[in-house]
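So the chains spell out like this:
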Amino acid sequence: METTVLTVKTTGSDAVIRSLKAEGVTTIFGYPGGAIMPIYDALFHHLEEVNHILVRHEQGAIHAAQGYARSSGKTGVVFSTSGPGATNLITGLADALIDSTPVVCITGQVASHLLGTDAFQESDVMGITMPVTKWNCQVTKAKDIAPTLTKAFYIASSGRPGPVLVDITKDAQFEAIDFHYEKCNSVRSYQSKPKLKLEQVQEAASLLNVAKKPLMLVGQGVMLSSAENELLTFAEKTGIPVASTLLGLGAFPANNPLFVGMVGMHGNFAPNVKTNECDVLLAIGMRFDDRVTGDVTRYARQAKVIHIDIDAAEINKIIKVDAPILADAKEALSVLTNLTENRTHSKWLNEFHQAKKEELQVLSTNRKKYFPDELRMDLVIDLLSQKTNGNAVVVTDVGQHQMMTAQFYQYNQTKSNVTSGGLGTMGFALPAAVGAKIANPEKQVVAIIGDGGFQMTLQELGTMMQNNIGVKIIILNNGYLGMVRQWQQLFFEKRYSFTDIQSPDFVALAASYNIKGQKVERLEDLNKALDKFLNTENAYLLEVKVSREDNVFPMVPTGASVAEIRMQ
């Protein structure tokens, strides 16, 4: 147990900053206001050790903290004031909860004697945030600040990570206390990591050792448990083809021959179809989201299903499991590797690779037929992937560009795919990229955004300008809310109801924030433009005018089986 050496006489607000420093926090994303002003005053005296990033909107703060956490494995930290400041965090909290992102949000609150009186900028933060946090707590006494914050960090980062919110009343911030800090290593009634049961792993190993057509589905849980090396060792020993969920991209290198693509509504043809052909399906750190399964009554009915997950609530929640392993993925894979045999499945694996070639051929032929010599999203992403060797940290918003990036960017590094998965939050990418760049200043961080999503949080260009944050931004501009328009085309007889969107001059807009940029409208200009984009030292915005009505395929229509995936 780690304890500060001396007890210090201080205030509640100073105790907040000292607690954060004890947790190793070096970066805070936030926006000041009346109810959190004492904490900001305390922070003023610790700026040599703690960096604060002033965002332009509280939603930007929490998305930046998410990007920081997702790309670094650390816990993101957010400051916000009461009332509207706190309620502006809700979307990010919900996003972080469903995508298992460790974030600690500290909100100021009106004085304790004013709680429940409808005081100025008071809101029921506990009631509002309870459904969208892993844990929340209101502190009304300064003596409870340090114990609550260490508990918050432990809960946020342990087990299945998630967002935690601590609401601190203003009188608690002013109150004098004797401060000391003890790190939390356990919480009563909270089991962060279930104990691995050997018999569960043995049962799974026995299924895998006789499987003729096994398939592995890898989710973000692999990265959350730092099990990337264990996954690689296990896959190469067993020879099992590896497919990924959207959030699992990067957990297994895309350039490894065992990698067969992404599953899901806009995943690759082979892993989707062959989910309904495999005899053993091994799912690791993923939750069988509806976008992955399609019609659950026709999902992998022929297969024995093994599910490794740290969260008991996910086992048998969507898909009936034959061999559950309730455990941390890193521990489970280590033991499973020792119990499985050295095998190859070359004929089965080759079926995936052959199907992938056919998929690319069909898609390329269709796109050339309908959009000859036009700039297309897939061409932009494919070229970007080649020029970065699949090693950039890529942050995407939500929509067609997100799915195109997932399909065509070859993620070869862990924690390099930062996107809003479960909630599908438009406006996520720009602030999340800010956080990712601060966490990884030495890496190339590229935000790929649609023209619609960009306009939801474009004010964070001001955050980039003020803090000289070198994020590279690609706006794939088709003049539509593209994914909604695609559905309107396919399922609503081309009634494009309010999906045509007009945009400002994005390059001029960036220039007003002292960010250089360029617009590309011709295919022949793309190569040089991407070179300049990547080689510019500071932030850069590249707007690419892409085909207006290009669609994302493959696609599993809503309610269809994964085997009914469409190529056009």
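Here the structure is a predicted model, which means the values were calculated and not measured.

Chemist: Hey, could you go over the domain arrangement of the protein chain for me, with residue numbers and the actual values?
Modeler: Looking at the protein chain, the domain boundaries give domain 1 (8–179), domain 2 (198–350) and domain 3 (372–545). Put simply, the middle of domain 1 and the middle of domain 2, counted by C-alpha atoms, are 37 Å apart. With 7 residues of domain 1 at the interface, the matching set in domain 2 holds 7 residues. Between domain 1 and domain 2 lies a buried interface of about 620 Å² when both sides are counted; carbon and sulfur atoms form 53% of it. A per-residue breakdown of the area domain 1 buries against domain 2 is headed by Arg-70, Asp-99 and Arg-160, which together make up 63% of the total. At the junction of domain 1 with domain 2, the criterion picks out 2 salt bridges. The shortest N-O distance in the salt bridge between Arg-160 and Glu-314 comes to 2.8 Å. Where domain 1 meets domain 2, there are 4 residue pairs in polar contact (both at pLDDT 80 or more).

Chemist: How would you explain the layout of surface pockets if you had to name every residue and give the values?
Modeler: Gaps left between atoms show up when a probe the size of a water molecule is rolled over them. The calculated volume of the second largest pocket comes to roughly 420 Å³. Taken together, 26 residues form the lining of the second largest pocket, with Lys-356, Leu-360, Gln-407, Phe-408 and Gln-410 sitting closest to its centre. Of all elements in the fold, only β11 (259–262), α15 (346–370), α16 (377–388) and α17 (400–408) reach the threshold of two or more residues within the lining of the second largest pocket. It is α15 that contributes the most residues to the lining of the second largest pocket, 7 residues altogether. A domain split of the lining of the second largest pocket shows at least three residues from each of domain 2 (198–350) and domain 3 (372–545).

Chemist: Break down the sheet that holds strand β7 (residues 163–169) for me, citing the residues and quoting the values.
Modeler: Here we have 6 strands laid out as an open sheet, ordered β3-β2-β4-β5-β7-β6, and parallel in their pairing. The sheet terminates laterally at β3 (51–54) and β6 (135–139), the two strands that pair on one side only. Going from strand to strand, the sheet's axes swing by 20° on average, the running direction of each strand aside. Here strand β2 (residues 27–30) runs beside strand β4 (residues 76–80); their pairing, made up of 2 bridges, is parallel.

Chemist: Quick one: what's the story with the nonpolar core, residue by residue and with numbers?
Modeler: Counting residues in hydrophobic clusters, the biggest one holds 89 residues, and the most contacted among them are Met-216 and Leu-281. Both domains that meet at this core, namely domain 2 (198–350) and domain 3 (372–545), each give it at least three residues. Ranked by size, the runner-up nonpolar core spans 37 residues in total, among them Ala-15, Ile-28, Ala-152 and Val-164.

Chemist: An account of the pairing of strand β17 (residues 445–450) is requested, with residue identities and associated values reported.
Modeler: Of all 6 residues making up β17, 6 are buried, and the element is well covered by its neighbours. Burial of β17 is two-sided: the residues Val-445, Ala-447 and Ile-449 facing one way and the residues Val-446, Ile-448 and Gly-450 facing the other way are all buried. Direction of pairing for β17 relative to strand β18 (residues 472–477): parallel, over a ladder of 5 bridges. From the neighbouring strand, Gly-450 faces β18, where its bridge partner is Leu-476.

Chemist: Talk me through the environment of Asp-311; I want residue IDs and the actual numbers.
Modeler: Positionally, Asp-311 belongs in the loop between β13 (304–309) and β14 (323–326). Residues Asp-311 and Ala-327, 16 residues apart in the sequence, show an inter-C-alpha distance of 7.9 Å. Setting aside residues up to four positions removed in sequence, Asp-311 forms contacts with Arg-160 and Leu-326.

The rules behind the values
Residues numbered from 1 in each chain as written. Predicted model: local features only at pLDDT ≥ 70, side-chain atom pairs only at ≥ 80, totals over all residues. Heavy atoms only, no water. Domains from an automatic or database assignment. Contact = heavy atoms within 4.5 Å. Buried area = accessible area lost by both parts, 1.4 Å probe. Salt bridge = Lys/Arg side-chain N within 4 Å of Asp/Glu carboxyl O. Polar contact = N/O pair within 3.5 Å; in protein donor to acceptor, adjacent residues only side chain to side chain. 1 Å grid on protein atoms, 1.4 Å probe; cavity = no way out; pocket = protein on both sides within 12 Å on 5 of 7 lines; lining within 4 Å. Points joined across faces, edges and corners; volume = space filled by probe spheres on them. Helix = DSSP H or I, 4+ residues; strand = E, 2+ residues; numbered from the N terminus. Pairing = 2+ DSSP bridges. Axes fitted to C-alpha atoms, helices over the stretch in contact; angles between N-to-C directions. Core = buried A, V, L, I, M, F, W, Y, C linked by side-chain atoms within 4.5 Å. Buried < 20%, exposed > 50% of the residue type's maximum accessible area, 1.4 Å probe, protein only.

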